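Chains, contacts and geometry: an overview
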Amino acid sequence: QTSLKDRLAELIPAAQSRVKEVRAEHGQKAFGPVLVDQLYGGMRGLPALIWEGSVLDPEEGIRFRGKTIPDIQAELPKAPGGDEPLPEGLFWLLVTGEIPTQDQVTALSKDWAARAEIPAFVEEIIDRCPPTLHPMSQFSLAVTALNHDSAFAAAYAKGINKKEYWGPVFEDSMDLIAKLPNIAGRIYRNVYGRGKLPAVDLNKDYSANLATLLGFGDNATFVELMRLYITIHSDHEGGNVSAHTGKLVGSALSDPFLAFAASLNGLAGPLHGLANQEVLVWLTKMQQSLGPDAEDDHVKEYVWSTLKAGQVVPGYGHAVLRKTDPRYVAQRAFALKHLPDDKLFKLVAQVYKLVPDILLAAGKAKNPWPNVDAHSGALLTHYGLREMQFYTVLFGVSRAFGVAAQLIWDRALGAPLERPKSYSTEAIARMFKDR
Ligand code: AMX
């Protein structure tokens, strides 16, 4: 049985040659023109980044190393008696492009559990945060502080050879992922008064430990939900705010803790990861205003009133996707299997039936379909995790998998400092005056 690091060491030389080959063959080919509108338009559609773990097709949705969500649900190892893929396997797939064996996944679970403890001073930082500080801010503070023990930062200070960068970045990435459940659990228990954090169980998988640290470890279906949740939230190619930020900051050779803390600050925005909180806030207000079992016409009116107030319908629309997000579909399937009669799930389903036509009629959103965030909060609420301000922290735990995998490859492939060119409006006006 090979370890992930050994397998990676075997794969790196061939991947380095492959990049050389692709650059030699295609390096001077153009994707097409860059339009001035793309500079003003948030770089939508601009091909600008290499991201190895996943590619997002607008019509079909995400593929992790070529595999769709149903593929990975079928192919990745499961926990004994479980149906959902283990996120350990997804990480192995993101890093190597290969489906791991059950033993390899078990070894990763054990490795992460062994690395899970966080330094006492990081615990203190979290404990000193006022409960009014948003959980995402606490999360980002704690992850930044982990940089204290970064293997990469220490190796760099000693003068590590460029060719060796990936080794300590791998170690930091493993530590980062391993320590997130303890950080998330501590924040959750502190902010919502849920008692003392239990210890990580060295023989349990990552999701089971996360569920236990949050206080839901006794519920086997919640543990399964965490396995699915982390797997589908892990990676969504490179251009989204959290992924791109992590890659950008990592390109300055900031270590994985600093890079991922930056990702978290981006994920904390309402147009990105905070949307899962916003969806629940919106649905709860709707329930309060319309009462239970609202009629379709009343829900429609409520949606229109959101749009007329100049607000977005949270959980709908996407910068790349043009169909229902397969991550939404996977969560809907989970709900249909485990909680078909849940009131909030029924409202989520009712909204799914009504919102796309309204967004089409309103005529602005390029994608009227739901994204991942339209569903996740309802599932968490069902199992008693009702504190919506905490939801984006779980998204953050998951997103570390994708960002970490890319940071390792960026250093293995010698990715340079990112430094795109910017222009002022006046410079553009001058440059294109006579063209
Ligand atoms: N409700 C109302 N209006 C919407 C909308 C929605 N759900 N989605 C897009 N629009 C509007 C935009 O605000 C924009 O309006 P403007 O012209 O007045 O500025 C117009 O439609 C065109 O936008 P777009 O090209 O379709 O979307 P985009 O690529 O600029 O933005 C996104 C994508 C996700 C930010 C946007 O759809 C949105 O705000 N959705 C709601 C928030 C959300 O669910 N975010 C989570 C996304 C997934 C994730 O990252 N976790």
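This section reports on the structure supplied with the text. (Residues numbered from 1 in each chain as written. Predicted model: local features only at pLDDT ≥ 70, side-chain atom pairs only at ≥ 80, totals over all residues. Heavy atoms only, no water.)

1. Re the packing of helix 7 (residues 135-145) against helix 13 (residues 256-267)
Note the cut-off: A fitted line through C-alpha atoms represents every axis, and for helices the fit uses only the stretch in contact; the resulting angles, taken between N-to-C directions, go from 0 to 180 degrees. Secondary structure follows DSSP: runs of H or I at least 4 residues long count as helices, runs of E at least 2 residues long count as strands, and numbering of each begins at the N terminus. By definition in this entry, angles of less than 35 degrees are roughly parallel, angles greater than 145 are roughly antiparallel, angles of 65 to 115 are roughly perpendicular, and the rest are oblique. Throughout, a contact is declared for two residues whenever any of their heavy atoms are within 4.5 Å.
The interhelical angle for the contact between helix 7 and helix 13, taken along N-to-C directions, is 170 degrees, at an axis separation of 8 Å. As far as their axial angle goes, helix 13 and helix 7 are roughly antiparallel. Each of Met136, Phe139, Ser140, Val143 and Thr144 in helix 7 lies in contact with helix 13, whose residues at this interface are Phe257, Leu258, Phe260, Ala261, Leu264, Asn265 and Leu267.

2. Here we look at the pattern of salt bridges
Note the cut-off: When a carboxyl oxygen of Asp or Glu is within 4 Å of a side-chain nitrogen of Lys or Arg, the pair counts as a salt bridge. Residue burial is assigned from relative accessible area. The probe radius is 1.4 Å, only protein chains are included, and a residue is buried under 20% of its type maximum, exposed over 50%, and partly exposed in between.
Counted under the stated rule, the structure contains 21 salt bridges. In this structure, Asp175 and Arg115 form a salt bridge, with 3.0 Å as the shortest nitrogen-oxygen distance. Highlighted residues: Asp175 in helix 9 (residues 166-192) and Arg115 in the loop between helix 5 (102-114) and helix 6 (120-128), separated in sequence by 60 residues. Across the pair, Arg115 and Asp175 agree in class, each one buried. Among the charged side chains, a salt-bridge network with shared partners connects Lys5, Asp111, Arg115, Glu171 and Asp175.

3. Looking at helix 12 (residues 241-251)
All of the buried residues in helix 12 are Ser242, Ala243, Thr245, Gly246, Lys247, Gly250 and Ser251. Of the surrounding secondary structure, the elements contacted by the buried residues of helix 12 are helix 13 and helix 19 (391-412). Looking one or two places after helix 12, you find Leu253, whose phi comes out positive at around 65 degrees.

4. Remarks on the pairing of strand 1 (residues 54-57)
Every other side chain in a regular strand lies on the same face of the sheet, so the side chains alternate between the two faces. Rules: The pairing criterion is simple: DSSP has to find at least two bridges between the two strands.
Here strand 1 shows one buried face, formed by Ser54 and Leu56, and one open face, formed by Val55 and Asp57. With four bridges joining them, strand 1 and strand 2 (residues 61-64) adopt antiparallel strand pairing. Note that in strand 2 the partner of Leu56 across the bridge is Ile62. Between strand 1 and the antiparallel strand that follows it, strand 2, lie three residues.

5. With respect to helix 17 (residues 343-362)
Let me state the cut-off plainly: What a helix is expected to span follows from its residue count: subtract one and scale by 1.5 Å. What we call the bend at a residue is the angle made by axes fitted to the seven residues finishing there and the seven residues starting there. As used in this structure description, the phrase polar contact means that two N or O atoms lie within 3.5 Å; if the pair is within protein, one of them must be able to donate a hydrogen and the other to accept it, and residues adjacent in sequence are counted only when both atoms belong to side chains.
With 20 residues, helix 17 ought to run about 28 Å at 1.5 Å a step, and its terminal C-alpha atoms sit 28 Å apart, in line with that. Approximately 30 degrees is the largest bend angle found in helix 17, and it occurs at Leu354, with the proline Pro356 only one to four residues beyond. Those residues of helix 17 hidden inside the fold are in contact with helix 14 (275-290), helix 15 (296-308), helix 16 (326-338) and helix 18 (373-382). Where helix 17 begins, the capping side chain belongs to Asp342, and its oxygen is found 2.9 Å from the backbone nitrogen of Leu344. Just beyond helix 17, the residue with positive phi is Gly363, at close to 80 degrees.

6. Concerning the site of the ligand
Heads up, the rule is: In this text, near means that some heavy atom of the residue lies within 4 Å of the molecule or strand in question. Accessibility throughout is a Shrake-Rupley quantity obtained with a 1.4 Å probe, and a residue counts as covered only by protein chains that appear here. Each residue gets one label: Ala, Val, Leu, Ile, Met, Phe, Trp, Tyr, Cys and Pro are nonpolar, Asp, Glu, Lys and Arg are charged, and the others, such as Gly, are polar.
The immediate surroundings of the ligand are formed by 20 residues, with His272, Tyr316, Lys364, Lys366 and Asp373 found nearest. Asp373 places a side-chain nitrogen or oxygen 2.6 Å from a nitrogen atom of the ligand. The protein chains hide 75% of the 890 Å² of surface that the ligand would expose on its own. In the shell around the ligand, the residues fall into 11 nonpolar, five polar and four charged.

7. A short note on the layout of surface pockets
The line we're drawing: Buriedness for pockets is judged along seven lines, at least five of which must meet protein on both sides within 12 Å for an open set on the 1 Å grid over protein atoms alone, while cavities are sets there where a 1.4 Å probe fits but cannot get out, and lining residues have an atom within 4 Å of a point. Grid points are joined across faces, edges and corners, and a volume is the space filled by probe spheres set on the points.
Approximately 280 Å³ is the volume attributed to the second largest pocket. If you go around the second largest pocket, you meet 17 residues; those closest to its centre are Glu123, Asn182, Arg186, Leu197 and Pro198. Contributing elements (two or more residues each) for the lining of the second largest pocket: helix 5, helix 6 and helix 9. Ranked by residue count, the leading element in the lining of the second largest pocket is helix 9, at four residues. Split by residue class, the lining of the second largest pocket holds eight nonpolar, three polar and six charged.

8. Here we look at the packing of helix 4 (residues 87-96) against helix 5
Two numbers describe how helix 4 lies on helix 5: the axes approach to 9 Å, and their chain directions differ by 105 degrees. If you check the angle between helix 4 and helix 5, you find them roughly perpendicular. Contacts from Glu88, Gly89, Phe91 and Trp92 in helix 4 reach Gln104, Val105, Leu108, Ser109 and Trp112 in helix 5. Partitioning the contact of helix 4 with helix 5 into residue classes produces five nonpolar, three polar and one charged.

What is shown is where atoms sit, not what they do.
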